[in-house]
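Each chain, letter by letter, is given below.
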Amino acid sequence: MIPLNDVVGLAAVIFAVGAVGVLVRKNPLVMFMAAEMMWNAAALVFVAYARSFHAMTGQVMAFIIIGTAAAEVGIGLAIIVSVYHHRHRLDIDEVSQLKG
Amino acid sequence: MQGLVEILVLPLLGAATITAFKGLMPKKLPGIWASLLVAVSFLLSILADRRVATLSGSHHVITGVLWNWVTGFGAAIHFRLYLDPLSAVWLLIITGVGALIHIYSIGYMHDDAGQPRFFAYLNFFIFSMLLLVLAGNLIVLLIGWALVGLASYLLIGFWYERPTAVAAAKKAFVMNTLGDVGILLGLALLYIHYHGVGYPHLFQAFSQAKPGSAFFEWSAFLLYVGAMAKSAQFPLHMWLADAMEGPTPVSALIHAATMVTAGVYLMTRLYPLLRLAPITHELIGAIGAFTAIFAASVAFFQQDIKKVLAYSTLSQLGYMFLGIGVSAYTASVFHFMTHAFFKACLFLAAGSVIHGLSGEQDLGQMGGLARKMPWTMASFLAATLAISGIPPFSGYFSKEAILGQAYNSGHYFLWGIGVFTAGMTAFYMFRLFFLTFLGKPRNQKLHDHAHEAPLVMTIPVVILGVLAVVGGAFGGWLNGWLKPAFALYPGAAHAALESGPLFGTIVTVALAVVAFIVAFLLYVRRDTAPKAGTEQAPGHWMLHAWGMDLVWMAIVVNPLKLVGQAMGAVERTILAGVTGLAAGVQSWATDLAPIQTGYVRRYALSIMVGGVALLAYYLIRIGFIS
């Protein structure tokens, strides 16, 4: 059985990779994938602790995270597609009209 | 309850249907429909009164609760209707005279574009007035009281394109609101003390109370302030003269026959309270007598046919309150009844004259109309004889009953004022009659075009004229009819009609006859102009109602205006502070706005940095990082 510390450490690494990915990439599709990695790191932590504590609540949270992430992807991809239809380019810094 | 709700609801139904469907109705229908409903209401009132008459025992009351209105805190307040012999008299006059005036209005308003609106208002007024007299407690009475004020406002300002009419309506409403406040405070006092404002409850309490405490004086006085405003007693009287801006049937119905006598109704209804408040009781009589002679003096030199009648109404209301002040309750109700007949007749006849002269109201343009309008002239003459107190016309009996009781109860000074005023009344009423119907025409062109009113107008006038002649015969009936209403509670021994000393009657009638002769000599033999006597000091002041409007402006209106302006300045200062606060917040927000750059990655970085900072803070706090 893999020790808890290793799993949480892996999750931390995945989360950090995802966070850096969101911050440095300019293509919204790639940013989305990076954000998915952050979601999954969180889900992994839940599952790991659930197994460690012999409790089901963490696994339930993992399912909720998967469901929420799916919904978020659905909306996000729709927005990205419609932005692409308008501009025929994908660059997050160009979509910056909404400002004070 | 049997039948009371129908009496009340029918006029309201008329007002609602005419308002809702006036676009669909043919031109003449609103008037006919409104008159029909009030006439049916009159028949139902007769039936209800017959039921009251057949009740056995000393308690001639039909009463019932429509619904429980205010429950849950303190004593419950019911929406209660209450019919006893006193409200029965009012019921008959309101619906009976009201129906006649509705029928008259069909002719008077036939070419007015606002005719449906007029009849809707008129029916609404009848409903409100019936609610006032059928109320079973003071709160329901106050609702009716306020609604008749509203109806009066709407009808005085009926021709709203005239600035004078709008101003008069506003004046009437404001002055009446003053009275409403008085009633509200008075009934609040009674409610706090007795935990209820229903009549039976209050009468029960009054019959066990000892007279003379300040509590009774104040509650009676506050309720009297309400009656004072509604019945135009001095010093709250000026609105009634201005109210003549409304159409003439309105003046006849509201400002002569019914609404202005609501104060008389309230005072006679609450007479057990008056007997507990001797100072207020005396005050009512004194103010009544003063109003009578004051208004009679103002009526002497008025130039407008309706203004003379308005001030004579004031004067007669003064008589009614004089009667209340000397405990002549039955006599006051009797005078209310005969006054409703002869004054409605006078106003409607004056309306026919105005109608025949195509809207002219100035006495200086009239004269010699007797041949042109014989029926109107005959009715006007009958009503004039009645108001002047010439026997055997109706006014003689009721006025004599009030004056007789004033003398019998030892109020010799008030009696003297009343007798003198009776002479003045005869003078100005015959001056009005002579100037309108006799003498030479002062405007030949108008005179040539003058014509008798159509039948729909003449018949109600003649009916009221006949009632003005024979109305005195109701006195004996009224005496027996009202006995249960006034004899139910102790201390009402003098409520019934009494006759005064013979010499008093002789003096009164002699004064009236002398006044008649003087008026005849002045205005028929010597053909004095209506304007004569108004240039010099007393006549000038009488014409302008002794300057009471100016006094009110100086004492009440202008100080209140100053207070209002001061309050306005204070408010503007406070509002300036509020505005400054808002401006500060706005400029702060403008300074912060550039933070929202629109770059999503910058937001993500900010969130991330914040999250890391929070994490670091907690890690340091638990000692993970040192």
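### Some details on the overall build of chain B
Here's step 1: Helix and strand counts for chain B come out as 25 helices and two strands.
Here's step 2: Expressed along its principal axes, the backbone C-alpha trace of chain B runs to roughly 120 × 65 × 55 Å.
Here's step 3: A burial count over chain B gives 51% of its 626 residues as buried.
Here's step 4: Look at the contacts in chain B between residues 6 or more apart in sequence, and 81% of them connect residues 24 or more apart.

### Digging into the overall build of chain A
Here's step 1: Along the backbone of chain A there are three helices and zero strands.
Here's step 2: Ordered by position from the N terminus, the helices and strands of chain A form the series α-α-α.
Here's step 3: Its C-alpha radius of gyration of 17 Å places chain A more than 25% over the 13 Å reference for a compact globule of 100 residues.
Here's step 4: With respect to the principal axes defined by its C-alpha atoms, chain A has extents near 50 × 25 × 25 Å.
Here's step 5: The proportion of buried residues among the 100 residues of chain A is 9%.
Here's step 6: Considering only residue pairs separated by 6 or more positions, chain A has 42% of its internal contacts joining residues 24 or more positions apart.

### Looking at the packing of helix 10 (residues 248-257) of chain B against helix 14 (residues 305-325) of chain B
Residue and element names in this part refer to chain B.
Here's step 1: One can describe the packing of helix 10 onto helix 14 by two numbers: an axis separation of 11 Å at closest approach and a directional angle of 10 degrees. Between helix 10 and helix 14, the interaxial angle falls into the category roughly parallel. Across from Thr248, Ser251, His255 and Ala256 in helix 10, the residues of helix 14 making contact are Lys306, Ala310 and Thr313.
Here's step 2: Looking at side-chain class alone, the contact of helix 10 with helix 14 contains two nonpolar, four polar and one charged residues.

### Observations concerning helix 25 (residues 600-621) of chain B
Residue and element names in this part refer to chain B.
Here's step 1: When the terminal C-alpha atoms of helix 25 are compared, their 32 Å separation across 22 residues agrees well with the 32 Å that a helix rising 1.5 Å per residue should span.
Here's step 2: Here helix 25 lies mainly on the outside; zero of its 22 residues are buried.
Here's step 3: Residue Gly623 follows helix 25 closely and has a positive phi angle near 85 degrees.

### A short note on the interface of chain B and chain A
Here's step 1: Each partner contributes to the interface: chain B provides twelve residues, whereas chain A provides ten residues.
Here's step 2: Taken together, the residues that form the side of chain B that touches chain A break down as eight nonpolar, three polar and one charged.

### Let's talk about the pairing of strand 1 (residues 62-70) of chain B
Residues and elements named next belong to chain B.
Here's step 1: The pairing of strand 1 with strand 2 (residues 77-83) spans seven bridges and is antiparallel. Counted as the bridge partner of Asn68 is His78 from strand 2.
Here's step 2: Linkage of strand 1 to strand 2, two consecutive antiparallel strands, is achieved through a turn of six residues, within which Gly72 is found at a positive phi near 110 degrees.

### Let's talk about unusual backbone geometry
Trans is the common state for peptide bonds, and a negative phi is the common state for residues other than glycine.
Residues and elements named next belong to chain B.
Here's step 1: The residue after Phe234, namely Pro235, is reached through a cis peptide bond having omega 5 degrees.
Here's step 2: Turning to its location among the elements, Pro235 is positioned in the loop between helix 8 (214-230) and helix 9 (238-242).
Here's step 3: Cis geometry is found at the peptide bond from Pro391 to Pro392, where omega equals 5 degrees.
Here's step 4: With respect to the helices and strands, Pro392 occurs in the loop between helix 16 (374-387) and helix 17 (394-408).
Here's step 5: For Ala232, which is not glycine, the phi torsion reads 55 degrees and is therefore positive.
Here's step 6: For Ser327, which is not glycine, the phi dihedral falls at a positive 70 degrees.

### Notes on the confidence of the model for chain B
Here's step 1: Within chain B, residue pLDDT values average 86, and 97% of them lie at 70 or more.
Here's step 2: The complex model carries a pTM of 0.78, and its ipTM stands at 0.86.

### Describing the environment of Asp527(B)
Residues and elements named next belong to chain B.
Here's step 1: Looking at the secondary structure, you find Asp527 in the loop between helix 22 (502-525) and helix 23 (537-543).
Here's step 2: On the basis of neighbour counts, which here come to 13 C-beta atoms within 10 Å, the residue Asp527 falls in the partly exposed class.
Here's step 3: Expressed as a C-alpha distance, the spacing of Asp527 and Leu435, which sit 92 residues apart in the sequence, is 8.8 Å.
Here's step 4: With sequence-adjacent residues up to four places away left out, Asp527 is seen in contact with Gly439 and Lys440.

### Details of the environment of Gly465(B)
Residues and elements named next belong to chain B.
Here's step 1: Position of Gly465 among the secondary structure elements: in helix 20 (residues 455-470).
Here's step 2: Along the backbone, Gly465 and Tyr104 are 361 residues apart, and their C-alpha atoms lie at a distance of 14 Å.
Here's step 3: Residue contacts for Gly465: discarding those within four places in its chain leaves Cys345, Ala378, Ser379, Ala382 and Ala383.

### Concerning the environment of Ile65(A)
Here's step 1: With respect to the secondary-structure elements, Ile65(A) resides in helix 3 (residues 57-87).
Here's step 2: For the pair formed by Ile65(A) and Ala42(A), sequence separation is 23 residues and the distance between their alpha carbons is 8.4 Å.

### Comments concerning the packing of helix 3 (residues 85-108) of chain B against helix 10 of chain B
All names here are of chain B.
Here's step 1: Running from amino to carboxyl end, helix 3 crosses helix 10 at an angle of 165 degrees, the nearest separation of the two axes being 9 Å. Comparing the axis directions of helix 3 and helix 10 gives the class roughly antiparallel. Considering how the two elements wind past one another, helix 3 and helix 10 form a crossing that is right-handed. Taken together, the residues of helix 10 that come into contact with helix 3 (itself represented by Ile93, Val97, Gly98, Ile101, Tyr104, Ser105 and Tyr108) are Thr248, Pro249, Ala252, Leu253 and Ala257.
Here's step 2: The residue makeup of the contact of helix 3 with helix 10, split by class, is nine nonpolar, three polar and no charged.

### A word on helix 24 (residues 548-592) of chain B
An α-helical segment advances 3.6 residues per turn. Residues three or four places apart therefore align on the same side.
Residues and elements named next belong to chain B.
Here's step 1: The end-to-end C-alpha distance of helix 24, which contains 45 residues, comes to 64 Å, matching closely the 66 Å that a straight helix rising 1.5 Å per residue would cover.
Here's step 2: Its axis deflected by about 40 degrees at Ala554, helix 24 carries its strongest bend there.
Here's step 3: For helix 24, the tally of buried residues reaches only zero of 45 residues, placing the bulk of the element at the surface.

Reading the values: the criteria
- Residues numbered from 1 in each chain as written.
- Chains lettered and ligands numbered in written order.
- Predicted model: local features only at pLDDT ≥ 70, side-chain atom pairs only at ≥ 80, totals over all residues.
- Helix = DSSP H or I, 4+ residues; strand = E, 2+ residues; numbered from the N terminus.
- Buried ≥ 20, exposed ≤ 12 C-beta atoms within 10 Å, placed from the backbone.
- Contact = placed C-beta atoms within 7 Å.
- Rg over C-alpha atoms; globule rule 2.2 N^0.38 Å.
- Axes fitted to C-alpha atoms, helices over the stretch in contact; angles between N-to-C directions.
- Parallel < 35°, antiparallel > 145°, perpendicular 65-115°, else oblique.
- Nonpolar A, V, L, I, M, F, W, Y, C, P; charged D, E, K, R; others polar.
- Expected span 1.5 Å × (residues − 1).
- Pairing = 2+ DSSP bridges.
- pLDDT = per-residue confidence, 0-100.
- Left-handed = near helix turned anticlockwise from the far one by under 90°.
- Bend = angle between axes of the 7 residues up to and from the residue.

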